[in-house]
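Geometric and topological summary
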Amino acid sequence: MSASIRNLDDLLAEGVSGRRVLVRADLNVPLDKQTGEITDDGRIRAVLPTLGALVQAGAKVVVCSHLGRPKGAPDPQYSLRPVAGRLGELLDAPVHFATDTVGESARATVDALADGQVALLENLRFNRGETSKDDTERGAFADQLAAFGEAYVDDAFGAVHRKHASVHDVPARLPHVAGRLVLREVEVLSRLTGEPERPYVVVLGGSKVSDKLAVIEALLPTVDRLLIGGGMCFTFLKAQGHEVGTSLLEEEMVETCGNLLARADGKILLPVDVVAADAFAPDAAHDTVPADGIPSHRLGLDIGPETVAGFTAALAGAKTVFWNGPMGVFEMPAFANGTRGVAEAITKTDAFTVVGGGDSAAAVRALGLDESSFGHISTGGGASLEYLEDKTLPGIAALEN
């Protein structure tokens, strides 16, 4: 992170007691579709160090966030109300919830805050201005948000790659600093883009090559080994001329994958066996088959045990490891062994290990793995990838100005 970016300690040193501080957090947590309950509160817990410091210092803390992808209008299934409840439990203090973002409820809730109290505004994406590509519309919404603060803290690393009002435009309207989480994320990721200790091994999974193409291009010259699993591996296997059955395949990316393999100079390691199933279902009939022998009527839903062993061996001597994307459909127990095996192999290395957010972070928690056995678990899947691609992140750029 640029030395010109001020951080939370700079703001605290100036004194925040009695001042309203607007905090952009990333509280975009998964909710159970039936019950509406939070299924993974990792992102809420990640912002606690920043919120706790502001509360302790006597600030009037106004928190804003998005959740899901509503279409610029209120949608009850994306309400942040359950998040307010869980945040209050974790802070051990009530969190006052505004039923709108910049309307009458928000104004009344913010005005009623006492020193050391916390308010949470309703979902930012209930307002079209938050994600608008029109600078004027986005700026008008940023004006309304900025009115709730005398200073701004960005602690939403998972959103810094978005040119949204609360991330990109509000910092131009208020004194601004990076929160504890954003500072830590950038410090960690800069270790991967600078001079990482070698061997440097990257593990990539997830469904689509197209989602990871830019980061593969950026990492290939830098890494010592690139291990590829998940649904994206089948497009690479197809590029090698193998039958992939009904597995997930991006036909338009086959030639690109072939070119990457040709340029990789042996750095890319692909699965040698996969768990192939009759259907995409938790109880589907399945068995392990060679990666170059997937039956035409079956689809691969996980990497196999020989691949786990090979990936484990490739990781064994690593000094730096970055992992982004599950190795299979870990949400289904029958197809979770690949992700579990590779994750456990990562924890057993002597390396500096980084889990690149998103589904990888969710997998760590869903599989009951010890979070403390990883060096760092990012809260931003897309943001961490774009940082490694050396892209300009609008939220970080706004803090530098």
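Structure: above.
Numbering of residues begins from 1 in every chain and follows the order in which that chain's sequence is written. At least 70 in pLDDT is required for a residue's local features to be given in this predicted model, at least 80 for side-chain atom pairs to be given and counted, and no such filter applies to totals for whole chains, interfaces and linings, which use all residues. Excluded from the side-chain calculation are hydrogens and water; included are all heavy atoms of the structure.

1. Things to note about the overall build of the protein chain
This is how it is decided: Helical segments are the DSSP runs of H or I of at least four residues, strand segments are the runs of E of at least two, and each set is numbered from the N terminus. Each residue's exposure class comes from its accessible area (1.4 Å probe, protein chains only) as a fraction of the maximum for that residue type: buried when under 20%, exposed when over 50%, partly exposed otherwise. Residues count as neighbours in contact if any of their non-hydrogen atoms are within 4.5 Å of one another. Here the positive residues are Lys and Arg and the negative ones are Asp and Glu; neither His nor the chain ends is included. Here the site of a charge means atom NZ of a Lys, CZ of an Arg, CG of an Asp or CD of a Glu.
Broken down by element type, the protein chain carries 17 helices and 15 strands. In the protein chain, which comprises 401 residues, the share counted as buried stands at 54%. Contacts spanning at least 24 positions in sequence make up 72% of the contacts within the protein chain whose residues lie at least 6 apart. Averaging the positions of the 36 positive and the 55 negative side-chain charges in the protein chain gives two centres separated by 3 Å.

2. Overview of the pairing of strand β12 (residues 299-303)
For clarity, the cut-off: Two strands pair if DSSP finds at least two bridges between them.
Counting buried positions along β12 yields 5 of 5 residues, so the element is predominantly enclosed. Bridge analysis of strand β10 (residues 273-277) against β12 gives 4 bridges, and the strand direction is antiparallel. Note on β12: the bridge partner recorded for A276 is G300.

3. Brief notes about unusual backbone geometry
The step from R198 to P199 runs through a cis peptide bond, and the omega angle for that step is 5°. With respect to the element layout, P199 can be found in the loop between α9 (180-193) and β7 (200-204). Unlike most non-glycine residues, D265 shows phi in positive territory, near 55°. In this model, D390 sits at a positive phi of 65°, which is unusual for a non-glycine residue. Position of D390 relative to the elements: it lies in the loop between α16 (381-388) and α17 (394-400).

4. What about the packing of aromatic side chains?
Each pair of aromatic rings is reported with the distance of its centres and the angle of its planes. Quick note on the threshold: Working definition: a ring pair exists when centres of Phe, Tyr or Trp rings (six-membered ring for Trp) sit within 6.5 Å. Plane angles under 30 degrees give stacked, over 60 give edge-to-face, the rest tilted. Any Lys NZ or Arg CZ found within 6 Å of a ring centre and within 35 degrees of that ring's normal is scored as a charge over the ring.
Going through the model one piece at a time under the given rule, you end up with 1 aromatic pair. Across from the ring centre of F352, 3.6 Å away, lies the NZ or CZ of R191, which sits over that ring.

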